[in-house]
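The lines below spell out each chain.
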Amino acid sequence: MHRLIGGEHHIASPLGAWLLLALVGPAAAGGTRAELEEVLGADADHAAATARALLDTPHPLVASASALWERAAIEALAQWRAALPESTETGPLPDQPALDAWARERTLGMIEKFPLTVGPETILVMATALATRVAWATPFQVAPADELGPASAWASELRQVLRTPWHGHTCWIAGTARAGDVAVHAAEARPERVDGRESGLLVVSVAATPDVPAPDVLAAAHEVATNATTFPGRGRRSLYDLPLGETPLWTIREEQTRSFGREELFSALLPCWKAESRHELTAKGLGFDTAVRALGELMGAPDLAYEATQAAVARYGRYGFEAAAVTALAAVAGLPPEAVVRAAELRFGHPYAVVAVATDTRDGVPAGPWHGLPVYSAWVARPEELPATDLADEYPTP
């Protein structure tokens, strides 16, 4: 996904995209299923079970949500729909303001607008949302920007940057397959502790030499971050195995101090940053074309048109980190053909009857003695003038 986005400043959530595709996975069959599994990197049923577990038991520091809305309930999708996570919102397709409100609410207000515009030809929309807003367990200190070094163009563009505090953050140099030796900084969010369980978030920054393409650095960062949380120490380089002196990534020097061994000391300088991105997800290889085909094949319409987009935002600062992403997929059917129709306007211009009937059901079945009981009835033979208080809009457009 990052390879297709390119090297421009951006924020994205491959996980948000993967979750949506994983939810579609069980709907696919045959060659379509094989294509989707290649994108997912897993068996479709296993991927769906993983997505279900993630969405039904969200991480305390990562709010998550998913939804499936349909213009009208599509019977061919009933079995697949029933297997979606319990937390997945389903129902009639909302209007645009309601979709915008969903995006705002599910992203803690960070994303104001739903990333897709729904039209009359839209028959279904799927979406996932992820949102994080955390404070660092230990805030950064502040340093002059020129400490980024003469090789950094940012040193003259900025006034101040972030410096790691003397404790609470972790820095190291790691060897990676895709980007060579890289500089690494990791900051921990203040964790959530409930009934002896602790849930946190580790935000890992990775820098390679300027000549390494952005997709390779991003791939290395995923590798390093996974190692940091699952295999601590894997890939870390000793400062004693690296040459002294200056590089675009670090300065290694020797200092005279009292120590009982070959101690290694690290600090880091990073800029604050923020990003707001929108990514079209229709490119071949991302899997959204395959996902729509899977749903279309269930519906007997394998050539459905579609749109797929992700909106993402992030902010990294002295005291914390926040990020959010909404990934949306809309399936589009052609508008119905024009035809001759009939319309009626009914007029109640002489005395008529009115009956008010109680209803009381559970799952569409009568559930008590009130159901169907006429509670009020009237014969209207003396109409009244519309009250002046009701004249705010005298003749609204029908």
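Fair warning: this is a prediction, and the values are worked out from it, not measured in the lab.

Caption draft 1: Up close: the overall build of the protein chain. Of the regular secondary structure elements, the protein chain holds nine helices and 20 strands. With 398 residues in all, the protein chain has 38% of them scored as buried. The long-range share in the protein chain, meaning contacts at least 24 apart out of those at least 6 apart in sequence, stands at 65%. When the accessible surface of the protein chain is split by element, carbon and sulfur atoms take 53% of a total near 24200 Å².

Caption draft 2: A look at the pattern of salt bridges. Summed over the entire model, instances satisfying the criterion amount to 15 salt bridges. Residue glutamate 35 pairs with arginine 293 through a salt bridge whose shortest N-O separation is 3.1 Å. Taken as a pair, glutamate 35 in helix H3 (residues 30-40) and arginine 293 in helix H9 (residues 288-299) lie far apart in primary sequence, 258 residues in all. By relative accessible area, which is 35% here, glutamate 35 ends up partly exposed. Its relative accessible area of 21% is what places arginine 293 among the partly exposed residues. Notably, a salt bridge pairs arginine 178 with aspartate 216, separated by 2.8 Å at the nearest N-O pair. Remark: aspartate 216 occurs in helix H8 (residues 214-230) and arginine 178 occurs in the loop between strand S6 (169-176) and strand S7 (180-188); sequence separation between them is 38 residues. One salt-bridge network, held together by shared partners, links Arg33, Glu37 and Asp45.

Caption draft 3: Highlighting H9. Over its twelve residues, H9 extends 17 Å from the first C-alpha to the last, a length consistent with the 16 Å expected when each residue adds 1.5 Å. Among the residues of H9, Phe288, Asp289, Thr290, Ala291, Val292, Ala294, Leu295 and Gly296 are the ones counted as buried. Here the buried face of H9 lies against helix H2 (14-24), H3, helix H5 (78-82), strand S3 (122-135), strand S15 (305-316) and strand S16 (320-332). Glycine 300, located one to two residues past H9, shows a positive phi value of around 75°.

Caption draft 4: Main features of the sheet that holds strand S10 (residues 202-207). Strand order in the open sheet formed by three strands is S6-S7-S10, and the pairing between neighbours is antiparallel. Single-partner strands in this sheet number two, and they are S6 and S10. Between one strand axis and the next, the sheet turns through 25° on average, direction left out of account. In this sheet, S10 lies alongside S7 in antiparallel orientation, the contact comprising six bridges. Paired with valine 184 across the bridge in S10 is valine 206.

Reading the values: the criteria
Residues numbered from 1 in each chain as written. Predicted model: local features only at pLDDT ≥ 70, side-chain atom pairs only at ≥ 80, totals over all residues. Heavy atoms only, no water. Helix = DSSP H or I, 4+ residues; strand = E, 2+ residues; numbered from the N terminus. Buried < 20%, exposed > 50% of the residue type's maximum accessible area, 1.4 Å probe, protein only. Contact = heavy atoms within 4.5 Å. Areas by Shrake-Rupley, 256 points an atom, 1.4 Å probe, with all protein chains shown as cover. Salt bridge = Lys/Arg side-chain N within 4 Å of Asp/Glu carboxyl O. Expected span 1.5 Å × (residues − 1). Pairing = 2+ DSSP bridges. Axes fitted to C-alpha atoms, helices over the stretch in contact; angles between N-to-C directions.

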